[in-house]
Amino acid sequence: MAPVDGSDSSMDAAKYAMNLAKKYKAQLTMITIAHNKLSSYGLASPPDSLKQMKERDELQSREWFNNFTQDASNLGVHLKTELVDSQMSVDGTIVEYADSHGIDLIVLGTRGRSGLKRLLLGSVAMGVVQYATCSVIVVK
C-alpha cells in the first residue's frame, strides 16, 4: 500500500511501491486520505463545507490516481485506488486501513504536505512506523 497526499515525497514513494509491485507481481493499493477535522468543540464542519471539501479531495485524488493508473497499466501492475474519509489522524487512518484490508507492506515518503518537521521523519511517517503491524518502507 502507498498512501499519497500530492507531496513530492509521497509521489516518489508511490513510484517506488509501483516498481516493487511490478518486481514481485503484487497488487498495489494506493490511498489518499480526506481528513475531516472536528472543530475544537468536537463538532463536524457544516454540511456545505464538508461537501465542498469532499469534492475538492475527490478531484485532487482522482488526478493523482489517474497518473498512477496509466503507469500501472504500462508496467502490468494491478492497482487499486481509494479515497478514504476519516476523522482519525492521518497516521491512524493509514494503520487502520492496512490492518483492516490485510496489507502486508506500507511504502510511504518521509515528509508530506503538513509542513511539520522532525529530525528524520515527518510526523505521519513516524506514527505509521511506530504503530503499523505490517512492514513499512520509508522512502527518502
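As the structure is a prediction and not an experimental result, all values here were calculated from the model.

## What about the overall build of the chain?
Okay, so step 1: The secondary structure content of the chain amounts to four helices and five strands.
Okay, so step 2: Reading the helices (α) and strands (β) of the chain from amino to carboxyl end gives β-α-β-α-β-α-β-α-β.
Okay, so step 3: Residues classed as buried in the chain amount to 37% of the 140 residues present.
Okay, so step 4: A sequence separation of at least 24 residues applies to 72% of the contacts in the chain between residues at least 6 apart.
Okay, so step 5: When the accessible surface of the chain is split by element, carbon and sulfur atoms take 51% of a total near 8,600 Å².

## Some thoughts on the nonpolar core
Okay, so step 1: Core analysis: the biggest nonpolar cluster contains 19 residues, and Val4, Met18, Leu28, Met30 and Phe68 have the highest contact counts within it.
Okay, so step 2: Listed by contribution, the elements that provide at least two residues to this core are helix H1 (8–23), strand S2 (28–35) and helix H2 (47–75).
Okay, so step 3: For this core, the element with the highest residue contribution is H1, accounting for seven residues.
Okay, so step 4: Residues within four places of valine 4 in sequence aside, it is in contact with Ser10, Met11, Ala14, Met30, Ile31, Thr32, Trp64 and Phe65.
Okay, so step 5: The next biggest cluster of nonpolar side chains, apart from the first, holds 15 residues, and it includes Ile31, Ala98, Ile106 and Cys134.

## Details of the pattern of salt bridges
Okay, so step 1: Overall, the coordinates contain one salt bridge when judged by the stated rule.
Okay, so step 2: For lysine 80, the salt bridge goes to glutamate 82, with nearest N and O atoms at 3.9 Å.
Okay, so step 3: By relative accessible area, glutamate 82 is classed as partly exposed at 28%.

## Concerning the sheet that holds strand S3 (residues 79–86)
Hydrogen bonds between backbone groups are what pair the strands of a sheet, and the pairing can be parallel or antiparallel.
Okay, so step 1: With parallel pairing, the three strands of this open sheet are ordered in space as S1-S2-S3. A strand with exactly one partner marks an edge of an open sheet, and here the two such strands are strand S1 (2–3) and S3.
Okay, so step 2: Helix H3 (residues 90–100) rests against S1, S2 and S3 of the sheet, and its axis sits at about 145 degrees to S2.

## Quick look at the confidence of the model for the chain
Regions with low pLDDT carry predicted coordinates that are not meant to be interpreted in detail.
Okay, so step 1: Taken as a whole, the chain shows an average pLDDT of 86; of its residues, 83% reach a score of 70 or greater.
Okay, so step 2: Across residues 115–120 the pLDDT falls below 50, and counting only partners more than four positions away or on other chains, this stretch makes nine contacts in the model.

## Considerations on the environment of alanine 14
Okay, so step 1: Of note, alanine 14 is situated in helix H1.
Okay, so step 2: Looking at alanine 14, the relative accessible area reads 0%, which means it is buried.
Okay, so step 3: The sequence separation of alanine 14 and isoleucine 31 amounts to 17 residues, and the corresponding C-alpha distance is 10.0 Å.
Okay, so step 4: Non-local contacts of alanine 14, meaning those with residues more than four positions away in its chain, are made with Ala2, Val4, Leu28, Met30 and Phe68.

## With respect to H3
Okay, so step 1: Turning to H3, its buried residues number three or more, namely Asp91, Thr93, Ile94, Val95, Tyr97 and Ala98.
Okay, so step 2: The elements touched by buried residues of H3 are S1, S2, S3, strand S4 (105–109) and helix H4 (123–131).

## Notes on the packing of H3 against H4
Okay, so step 1: Contact geometry for H3 and H4: axes closest at 8 Å, N-to-C directions at 35 degrees. As H3 packs across H4, the resulting crossing turns out to be right-handed. Each of Val90, Asp91, Ile94 and Val95 in H3 lies in contact with H4, whose residues at this interface are Ser123, Val124, Gly127, Val128 and Tyr131.
Okay, so step 2: Of the residues that constitute the contact of H3 with H4, the class distribution is six nonpolar, two polar and one charged.

Calculation notes
- Residues numbered from 1 in each chain as written.
- Predicted model: local features only at pLDDT ≥ 70, side-chain atom pairs only at ≥ 80, totals over all residues.
- Heavy atoms only, no water.
- Helix = DSSP H or I, 4+ residues; strand = E, 2+ residues; numbered from the N terminus.
- Buried < 20%, exposed > 50% of the residue type's maximum accessible area, 1.4 Å probe, protein only.
- Contact = heavy atoms within 4.5 Å.
- Areas by Shrake-Rupley, 256 points an atom, 1.4 Å probe, with all protein chains shown as cover.
- Core = buried A, V, L, I, M, F, W, Y, C linked by side-chain atoms within 4.5 Å.
- Salt bridge = Lys/Arg side-chain N within 4 Å of Asp/Glu carboxyl O.
- Pairing = 2+ DSSP bridges.
- Axes fitted to C-alpha atoms, helices over the stretch in contact; angles between N-to-C directions.
- pLDDT = per-residue confidence, 0-100.
- Left-handed = near helix turned anticlockwise from the far one by under 90°.
- Nonpolar A, V, L, I, M, F, W, Y, C, P; charged D, E, K, R; others polar.

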